[in-house]
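Architecture at a glance
Here are the chains, one letter per residue:
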Amino acid sequence: MTSHPEQPSPVPRRAVLGTALGGAAAVTLSGTAHAAPVDRPAAAGAGHPWKLRNTMTTDGAWDRFLRGQDLLWTRLPTLWYEGPFLGDGLLGSMIYQEPGANQIRLTVQHGRVQDHRPEFGSGWGTARLPVGHLTLEPVGTITAVDWRLSLWNAELTGTVTTTAGTFTLAALIHDEVLAVRATAAGGEHVTWTFHPEEAVSPRKVQEAPPAGYTANPPWTTRTTADGTEQVLQPLTGGGQTATSYRRSGDELLLSVGHSFPSDSAAEADSRRQLRSAVSYSTLRRRHTRWWHAFYRKSFVSFPDQRLQSFHWIQLYKVASASRADGPVMATPGPWLEPTPWPAVWWNLNVQLEYWLIHAFNHPELDSLATTLRQSQEQLTANVPAAYRSDSSGIGRSSDMFANREVGRPGTGAETGDLTWALHNVWLSYRHSMDKSLLRDTVYPLLRRTITYYWHFLTPGSDGRLHLPSTLSPEYPVVPPQDTNYDLALIRWGCQTLLDSAELLGVDDELKPRWQEILARLTPYPVDDNGFMIGADTPYAQSHRHYSHLLMVYPLYLVNWDQPENRDLITKSVVRWHALTGAHRGYSYTGAASMYAMTGDGDTAIGYLRKFFDPTTRYPCRANTHYTEAGPVIETPLSASQSLHDMFCQSWGGIIRVFPAVPTAWADLTLHDFRTQGAFLVSAVRKAGSTRFIRIRSMAGEPLKLRHGLTGPLTVLLDDGTPARTHDLGDGTLAIDLPRGREVLVYSGSRPDLVIAPVTVSEPGAAWGLP
């Protein structure tokens, strides 16, 4: 067994500054070095000799663009992964044919509805629980549908044709209210029925309940004085779910409330939400106002129609599934169906679910960071009692309150999941530079997860620190020690703690310990095939997770900027995908992101397309959802992150614009793409070349730009003065950009500074059942 270097050296390249062109800083790859001009910044925007002309500023422009990304149906979907889906981050609904009936089902599920009996584990005792479903029951036999799920309005509209007539249908979800409108014509008549569902874990499709588990009490129904129908579901472990609905003419409004530990608050909550909705039209005005403002925060367009549509659908999907003030997403999101996974999975799923929100510029969707901040007491209680004074952790799966004990290293337990989840919160910090995230969540919790590891790190005869047996999720063999999953997380955690202490001005007594761990921790186990699972445990059978490769992605501890590690990275990824039996959709999205890191966009898109290939065992489904043994939300969302990794990367303190764009995508537009350091990047690629890059600093962080441009550069601040720059070599430019200011970078003559959709060169069918 051999090991790679722990402290790789930087790439030793160098370029020098050339003479300025047009009064701006100009960079060439040869010539005499000159000091870059020192700018005397005027007030931001004063004079502003250049401005982007953004064509995506009106409702009409957005409506037209997003209409091209909508999902369409010309036949009735019969399965959940074929149909339209709606959500507001809490309440969710999927629409498809009622199994075995001439009816249309609208599922009614809610992200807060769960059981509260932790003694039976996350699969049963604290599982997300079903609520119910509506059925729309026509007179005649359904013969056709013509539906559109509008992304711009987050609304399903269309018609249903039956042997008796037709009816028009519209549906949306906002403020925890499902609003539907069905208007009949001809001999048709619409009947709505709400069907409560048994409050039992959806895991029942896979296994019997654990010993001692008793069913929750049956629901009860009642009609209030104002005509509102209610279904009340008490829970054995405490708490209540209440569904309230009211029909008026062609409209039906429905709301779900859940309370714990209160046995009655949900009843009042659901009625209050229902009253506030008033009517379909009233709710729709609030609803569309929210969504229209939401989409404007960023823009991306590229020439593959089907993938571009998929990408925008994922943004709609994550906003339908998560809000920062809501619960962390369960594995199926808020669209609960029969599944073995009716909880939160912490060993890959939850991490992949949230990556895409950063570049899309939507921190308001980050319920993961909220959950970890609010659950610190529970995360302490999850570790064995002997370690609770200084340690925290979480097991593989939990409820929305992060309630799941974690095992001890040395027992083969999976121990690194909280540390990996904290990497997501660290990404939230890095993309916002909001120190409160670092101070209140990342730092205190990461300090405790690394301390938990510290209790078990033991010096070996080689003088190195070794970790006893832990599991690499979800490889079926437990290494005797030094699992790469944990070694990567320990290294990342210690370095992040040291950096964070400096940023926060904390003189932490544990700094010497973190420094010692970094200095003495055993190297990653590797063999001739690359990274192993752990000591004496080669990667020898197919592995759907890439837990043994976290140091490559997403941690970037071992990365392509380190030439001495390129061969190791390549053979590790090749070996991972050479053994295929266990691969799932996220195996392909993970490989796509790894190849994007290497700058190989063509190989990256090749792996990503495997996820959309219907001949693979687990492809993307008709409505862009995904299923294995049950619905899982993370893989399509991670596919959007793979696209982001092709468009723009910002790891290692460097923004890389268009680092791995597939050759076939000659044109590409980004606008307000958020990166680490809290920069908003706008860039346009035409005919295979970058035309310009505009960057706005939201936090005043140091800016290092790998621009991909050739020839002399023009680098202008927003007041027209040259930016202070320094060529770092390897095509990377340091730019002095104060907070709130913008810089424009281009080569040659000034291009048209236009943000607009690109022309589709790869047509494709709409998603849904068009």
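Our structure is the block above this text.
Residues numbered from 1 in each chain as written. Predicted model: local features only at pLDDT ≥ 70, side-chain atom pairs only at ≥ 80, totals over all residues. Heavy atoms only, no water.

**Some words on the packing of aromatic side chains**
Applied cut-off: To pair, rings of Phe, Tyr and Trp, with the six-membered ring standing in for Trp, must have centres within 6.5 Å; the planes then decide the type, stacked if under 30 degrees apart, edge-to-face if over 60, and tilted in the middle. Every helix listed is a DSSP run of H or I at least four residues long, and every strand listed is a run of E at least two residues long, numbered separately from the N terminus. Burial classes: relative accessible area under 20% of the type maximum marks a residue as buried, over 50% as exposed, and values in between as partly exposed (1.4 Å probe, protein chains only).
Tallied over the entire structure, the rule returns 44 aromatic pairs. Arranged with centres 5.4 Å apart and planes meeting at 75°, the rings of Phe85 and Trp335 form a pair that is edge-to-face. With Phe85 in strand 3 (residues 85–87) and Trp335 in the loop between helix 5 (305–321) and strand 17 (344–345), the pair connects residues that are 250 residues apart, well separated along the chain. For Phe85, a relative accessible area of 0% puts it in the buried group.

**A closer look at the environment of His431**
Keep this limit in mind: Between two residues, a contact is recorded if the distance between any of their heavy atoms is within 4.5 Å.
Structurally, His431 is set in helix 10 (residues 417–432). Overall, the relative accessible area of 9% leaves His431 in the buried class. A sequence separation of 243 residues divides His431 from Arg674, and the C-alpha atoms of the two residues are 6.6 Å apart. Setting aside anything within four residues of it in sequence, one finds His431 in contact with His358, Ser650, Arg674, Thr675, Gln676 and Ala678.

**Concerning the pattern of salt bridges**
Just so we agree on the cut-off: The term salt bridge refers to a pairing of a side-chain nitrogen on Lys or Arg with a carboxyl oxygen on Asp or Glu at a separation within 4 Å.
For the structure on display, the rule yields 33 salt bridges. Arg520 serves as the salt-bridge partner of Glu516, at 2.7 Å between the closest nitrogen and oxygen. Within this pair, Glu516 and its partner Arg520 are both found in helix 13 (residues 511–520), separated by 4 residues, close to a single helical turn. Take Glu516: its relative accessible area is 29%, and that puts it in the partly exposed class. Accessibility expressed as a relative area gives 26% for Arg520, which makes it partly exposed.

**Quick look at the side chain of Asp304**
So the rule is basically this: Pairs of N or O atoms are called polar contacts if they sit within 3.5 Å, as long as, within protein, a hydrogen donor faces a hydrogen acceptor (for residues adjacent in sequence, only side-chain-to-side-chain pairs).
Residue position: Asp304 is located in the loop between strand 16 (299–301) and helix 5. A polar side-chain atom of Asp304 sits 3.0 Å from the main-chain amide nitrogen of Leu307. In this structure Asp304 touches Arg609, Trp665 and Glu762, once residues within four positions along its chain are discounted.

**A look at the sheet that holds strand 24 (residues 655–657)**
Rule in force here: Pairing between strands requires that DSSP locate at least two bridges from one strand to the other.
If you trace the 5 strands from one edge of the open sheet to the other, you get 23-24-28-31-30, paired in mixed fashion. Two strands bound the open sheet, and with one partner strand each, they are strand 23 (648–649) and strand 30 (725–729). Sheet topology note: the strand 30/strand 31 (residues 732–735) ladder contains 4 bridges and is antiparallel. What sits directly across from His726, in strand 31, is Ala734.

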